[in-house]
Structure formats: structure tokens, C-alpha cells
Amino acid sequence: MIENFESFEAILEYALKKHRPIDPTHHPLLFSEPLWNTSKKRELLCELVFEKFQSSAFFTIKSPVLTCFAHGKSTGLVLDSGKIHTSAVAVHEGFCLGPTLVRSPLGGEFITTECRKELDKIKIDLTPQYLIKSKDVVDLDQPPKWTKKSNQPKATPSFHELKVRSVVEDFKQVLTVSDAPLVDVNKDNLDSKEYEFPTGYHSLFGVERYQIPEYLFDPTQIRSANPPQSSTLGVSNLIQNCLSITDPDIRPQMWSNIIVSGGNSCIHGFLERVSADCTRRSTSSMKLKCVVTAGGPERATERLFAPWTGGSILGSLGTFQNMWISRNDYEETGKVVVAKKCP
């Protein structure tokens, strides 16, 4: 959701005029938005598009709807686990059912923070690649041997922190979600995975690579929480609660069309855990099906951009062309037209 319109305007101007140069007066602009976006921000966006960029047409649509379209669906329960939060909402015939929205404040940002805490706790050197001139091969768990660049210009604290954060983000590739709740798993049977840091230090990570993503499914396990996150819902409970407040007549459709998206869904084992947890909660009369990107694990990153894919599909449909907010619509009604034409 847009918090700073001045910054957003600068980013949009760069994207339209330099990164991918187009003339907005000849191209309509389609935006995705979260379900909880405010009417004021929607109106400001509409005003910005027509007044600043002189766009020929404009439309904004809820991200879960676009995620459904990306998977060839118009109805489904969309579970999105992104950077800031994880949410579940029902989509029926191309419309988000707002009252069914259930959210958790746990997302990719939280996972990154927990990884940083774990690495700091075991005192791992997170020196980023841009400071390293060379490094020697060392044995497993041995101190790293590396040489710092001597002619490297002094970086700003924010740039350095960004690069350190990228090291932590890369470490997240070793994370794995267990098949069952971690409290029920014999931790001695969990496998380890080796990871090498930019300095050359490498080690095996076992229980911790399962424990961190487990917080998404069982927030009560968060050790840093004081008091424990008992009121925060895990991923599976989000789905269950969303289904429980969905109209019983369409509940079977939702249960058989659970669509998973967002960066955290790319964590190894995430989809399998969602499916296993939902199967344990399902009844014999309901057929469970998790809808994911076709093509196997190697295409998992496409779930990151599901709304973009759905937007390209929607924008190319002939039946959608009469739904755009045209410049004439804007000039006749003003920015409030967005509330009338964009559900």
C-alpha cells in the first residue's frame, strides 16, 4: 500500500520515462492494490495518474483477484504470504469478499529479522561481498580467511546495511518447512544443509532452518515474543478462519481452490505443509485442492509475481476494455469515479 505519494510519484516517473519508456497518454495504466486500501489513497492515485502523467485510462483492482486470474480462476481462496504480512481472503466470480479477509502480521520481513537474530547469536561474520577482495577455502566450521578491499570507497551506513541484509536474504534459501508441526517432530531426524557466507565461512544448519519458518505456522513458538504470540494466527488457521466466515454455499468451491502466492510460499516445503495441515482439518465431504503455479518447483518464483501475471491477462481481455476509467470519465466525475468503477 502506498504510504508516501511523493516517493511513489518519483518511482513511477522513473519507470515510465526511463526504465521502460512509454507515453502514458497513449497507454492505459493498470494498478493492483491490497484489499484494505483506503478510498482516500485510491482517489489520490487516480488523481496522480490523470493529472501528473496524463494517462489515457486507469484502473485499479485487488491483488487477490489478479492472483486468481494468474491461475486461470475467477473463484478461490487466496493465501498470500508476502513481505509484511500473510493473509487469506475468498474471491468469488472475480470479486473479493471483504468480510472474509483474515490477516497475520508475520511475513518475509519477520523471517529475515529472525534469521538475522539467529546468525548474530552464533556470531557469524556477515561482511557483504562488496568489501571482500579475496578469500581462501577453509574447512567446515573453521574461521574464514579473507582479504578486505583496500581501495573501496566508504559506503553510507544505509548502503552497507542494505548489503548486509542481502546476505541474510540469501541465507533464507536454506530454510525448510517441516511436513508436520515441529513440536511433533523428532528433531534428531531433521536433516542439515550446508551454506557458505561471502567470507568463505561455511557450516551445517539443522534445527534452526526448520524453526524459523515454523513461526509462520505456529506463532506461539516465537521465542522473542513477550508475551507469546498467542493471538496471532498461523498460516493454516488463517485458511480455516477465512473458510469459517465464508458463505456455506460457496465454501466447497473455496476448499477445492486454495491458491497460494507470495514470496514465503517459495520456502521449501511451504506448499506441502499447507496441504497437509488443511487435509487434517478437512471433512470427507469436501475435496481439498491447493492450486499452484504449473511447471514444478523450478517455477516457484512465479508465485512472487502472480498479481503481475493476472494483470497482464486481465488487460488483454476484450471484455475488460469497457471497464477502464477513461479521461472523459475522470473529467466528468473527478477522482471519486474510482469508487464507482473499481470495486
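Before any of the text, the structure's been laid out above.
So, a few notes on the structure that sits alongside this text.

Rules and cut-offs
- Residues numbered from 1 in each chain as written.
- Predicted model: local features only at pLDDT ≥ 70, side-chain atom pairs only at ≥ 80, totals over all residues.
- Heavy atoms only, no water.
- Core = buried A, V, L, I, M, F, W, Y, C linked by side-chain atoms within 4.5 Å.
- Buried < 20%, exposed > 50% of the residue type's maximum accessible area, 1.4 Å probe, protein only.
- Helix = DSSP H or I, 4+ residues; strand = E, 2+ residues; numbered from the N terminus.
- Contact = heavy atoms within 4.5 Å.
- 1 Å grid on protein atoms, 1.4 Å probe; cavity = no way out; pocket = protein on both sides within 12 Å on 5 of 7 lines; lining within 4 Å.
- Points joined across faces, edges and corners; volume = space filled by probe spheres on them.
- Nonpolar A, V, L, I, M, F, W, Y, C, P; charged D, E, K, R; others polar.
- Pairing = 2+ DSSP bridges.
- Right-handed = clockwise from strand over helix to strand, strands pointing away.
- Phe/Tyr/Trp six-rings, centres within 6.5 Å; stacked < 30°, edge-to-face > 60°.
- Lys NZ or Arg CZ within 6 Å of the ring centre and 35° of its normal.
- Axes fitted to C-alpha atoms, helices over the stretch in contact; angles between N-to-C directions.
- Parallel < 35°, antiparallel > 145°, perpendicular 65-115°, else oblique.
- Polar contact = N/O pair within 3.5 Å; in protein donor to acceptor, adjacent residues only side chain to side chain.
- Arc of directions from axis to C-beta.
- Left-handed = near helix turned anticlockwise from the far one by under 90°.

### Describing the nonpolar core
Now for step 1: By size, the foremost hydrophobic cluster in this structure holds 43 residues, and its most contacted members are Leu79, Leu126, Phe171, Phe197, Ile239, Phe270 and Val274.
Now for step 2: The element contributing the most residues to this core is helix α7 (residues 235–244), with five residues.
Now for step 3: For Phe270, the residues in contact, after removing those within four places along its chain, are Leu79, Ser81, Val177, Leu216, Phe217, Val235, Val260, Asn264 and Ser265.

### Concerning the layout of surface pockets
Now for step 1: By volume, the largest pocket is sized at about 1,800 Å³.
Now for step 2: In terms of lining, the largest pocket is formed by 49 residues, of which the most central are Phe31, Ser32, Glu33, Pro307 and Trp308.
Now for step 3: Counting residues per element, the ones that place at least two in the lining of the largest pocket are α1 (5–19), β1 (29–33), α2 (39–52), α3 (63–70), β3 (76–81), β4 (86–92) and α10 (306–316).
Now for step 4: The biggest single contributor to the lining of the largest pocket is α1, with six residues.
Now for step 5: Looking at the lining of the largest pocket residue by residue, the classes come out as 28 nonpolar, 16 polar and five charged.

### Some thoughts on the pairing of β1
Now for step 1: Along β1, the buried face is formed by Leu29, Phe31 and Glu33; none of Leu30 and Ser32, which line the opposite face, is buried.
Now for step 2: Note: β1 against strand β2 (residues 57–62), five bridges, orientation parallel. Bridge pairing in β2 links Glu33 to Lys62.
Now for step 3: In this region the chain leaves β1, passes through α2 and returns to the parallel neighbour β2; the handedness of that crossover is right-handed.

### Describing the packing of aromatic side chains
Now for step 1: By the definition in use, this model includes 16 aromatic pairs.
Now for step 2: Centre to centre, the rings of Phe197 and Phe205 are 6.2 Å apart; their planes meet at 70°, and the pair counts as edge-to-face.
Now for step 3: Among the residues examined, Phe205 registers a relative accessible area of 2% and is labelled buried.
Now for step 4: One aromatic cluster is present, formed by Phe5, Phe8, Phe31, Phe50, Phe58 and Tyr330 through successive ring pairs.
Now for step 5: The ring of Trp36 carries the charged tip of Arg103 above its face, separated from the ring centre by 4.0 Å.
Now for step 6: A cation over an aromatic ring shows up here: Arg273 above the ring of Phe217, its NZ or CZ 4.7 Å from the ring centre.

### So, the packing of α3 against α10
For any two helices packed against each other, one specifies the crossing angle of their axes together with the interaxial distance.
Now for step 1: Running from N to C, α3 and α10 cross one another at 75°; their axes reach a closest spacing of 7 Å. Judged by the inter-axis angle, α3 sits roughly perpendicular to α10. Contacts between α3 and α10 involve Ser63, Leu66, Thr67, Phe69 and Ala70 from the first element and Ala306, Pro307, Thr309, Gly310, Gly311, Ile313 and Leu314 from the second.
Now for step 2: Of the residues assigned to the contact of α3 with α10, the class counts are seven nonpolar, five polar and no charged.

### A closer look at the pairing of β2
Now for step 1: Across the six residues of β2, six count as buried, placing the element largely inside the fold.
Now for step 2: Of the two faces of β2, the one carrying Ala57, Phe59 and Ile61 and the one carrying Phe58, Thr60 and Lys62 are both buried.
Now for step 3: When β2 meets strand β13 (residues 325–326), the two strands line up antiparallel, connected through two bridges. Bridge pairing in β13 links Phe58 to Ile325.

### Notes on the sheet that holds β2
Neighbouring strands of a sheet are bound in pairs by backbone hydrogen bonds; such pairs are parallel or else antiparallel.
Now for step 1: Strand order in the open sheet formed by three strands is β1-β2-β13, with mixed pairing between adjacent strands. Edge positions in the sheet fall to β1 and β13, since each has one partner strand and no second.
Now for step 2: Where α3 meets the sheet, its contacts fall on β1 and β2, and the angle it forms with β2 comes to roughly 85°.

### A look at the side chain of Arg303
Now for step 1: Along the chain, Arg303 falls in the loop between β12 (290–291) and α10.
Now for step 2: At 2.9 Å, the side chain of Arg303 and the backbone oxygen of Ser265 are in polar contact.

### Looking at α7
Now for step 1: Within α7 the residues assigned to the buried category are Val235, Ser236, Leu238, Ile239, Cys242 and Leu243. Projection of α7 onto a plane perpendicular to its axis shows the buried side chains occupying an angular sector of 160°, all on one side.

### Some details on the packing of helix α6 (residues 207–217) against helix α9 (residues 270–281)
Now for step 1: One way to put it is that α6 packs onto α9 with a least axis distance of 12 Å and a crossing angle of 45°. Overall, the two elements α6 and α9 adopt an arrangement that is oblique. Taken as a pair, α6 and α9 cross one another with a handedness that is right-handed. The segment α6 lies against α9, with Glu214, Leu216 and Phe217 engaging Phe270, Arg273, Val274 and Asp277.
Now for step 2: For the contact of α6 with α9, the residue count by class is four nonpolar, no polar and three charged.

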